[in-house]
Amino acid sequence: MALPSVWSEMRVGILLLSVLSLLSAGLVESGQDSGSVIPAESRPCVDCHAFEFMQRALQDLKKTAYNLDTR
């Protein structure tokens, strides 16, 4: 007779853990600032980031080449 009560206690424990994990996940999601999210329309695309990075790298190379030429 002891075996069914162990199973019922395990089920209650698993159910309790599931409920607690769902509640904690909900609290974590609600704690994030929704005002800090930048809308997709105002964010530059990945290609724009790559283009800006390449422009800066090219400018650095030009400066380095100029510095080497003047030495």
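- Per an unreviewed UniProt entry, the protein carries the name NELL2-interacting cell ontogeny regulator 1 and comes from Bombycilla garrulus.
- Recorded under Subcellular location (unreviewed entry), the UniProt text for the protein is reproduced unchanged: "Secreted".
- UniProt lists a comment for the protein under the heading Sequence similarities (unreviewed entry), and it reads "Belongs to the NICOL family."

**A short note on the overall build of the protein**
Here is step 1: Tallying secondary structure elements over the protein gives two helices and zero strands in all.
Here is step 2: By the burial criterion, 0% of the 71 residues in the protein qualify as buried.

**What to know about a nonpolar patch on the surface**
Here is step 1: Judged by side-chain polarity, Leu15, Leu16, Val19, Leu20 and Leu23 come together as a nonpolar surface patch covering roughly 490 Å² of accessible area.
Here is step 2: Structurally, Val19 is set in helix α1 (residues 2-31).

Thresholds, definitions, all that
Within each chain, residue numbers correspond to sequence positions counted from 1 in written order. The model is predicted, so local features are restricted to residues of pLDDT at least 70 and side-chain atom pairs to those at 80 or more, both for listing and for counting; the totals for chains, interfaces and linings are taken over all residues. Hydrogens and water molecules were not included; the side-chain quantities draw on all heavy atoms of the structure. UniProt positions are given in the numbering used here, feature names are shortened, and annotations may be inferred rather than shown by experiment. Runs of E in the DSSP output that reach at least two residues are strands. Runs of H or I that reach at least four are helices, and both are numbered from the N terminus. Per-residue accessibility, obtained with a 1.4 Å probe over protein chains only, is compared with the maximum for each type, and a residue is labelled buried under 20%, exposed over 50%, and partly exposed between these values. What makes a patch is a set of residues exposed beyond 30% relative accessible area and free of salt bridges, joined within 9 Å when like-charged and within 5 Å when nonpolar (Val, Leu, Ile, Met, Phe, Trp, Tyr). Exposure was quantified through the Shrake-Rupley algorithm and a 1.4 Å probe, taking into account, for residues, occlusion by the shown protein chains and nothing else. Salt bridges, as used here, are contacts in which a Lys or Arg side-chain nitrogen is within 4 Å of a carboxyl oxygen on Asp or Glu.

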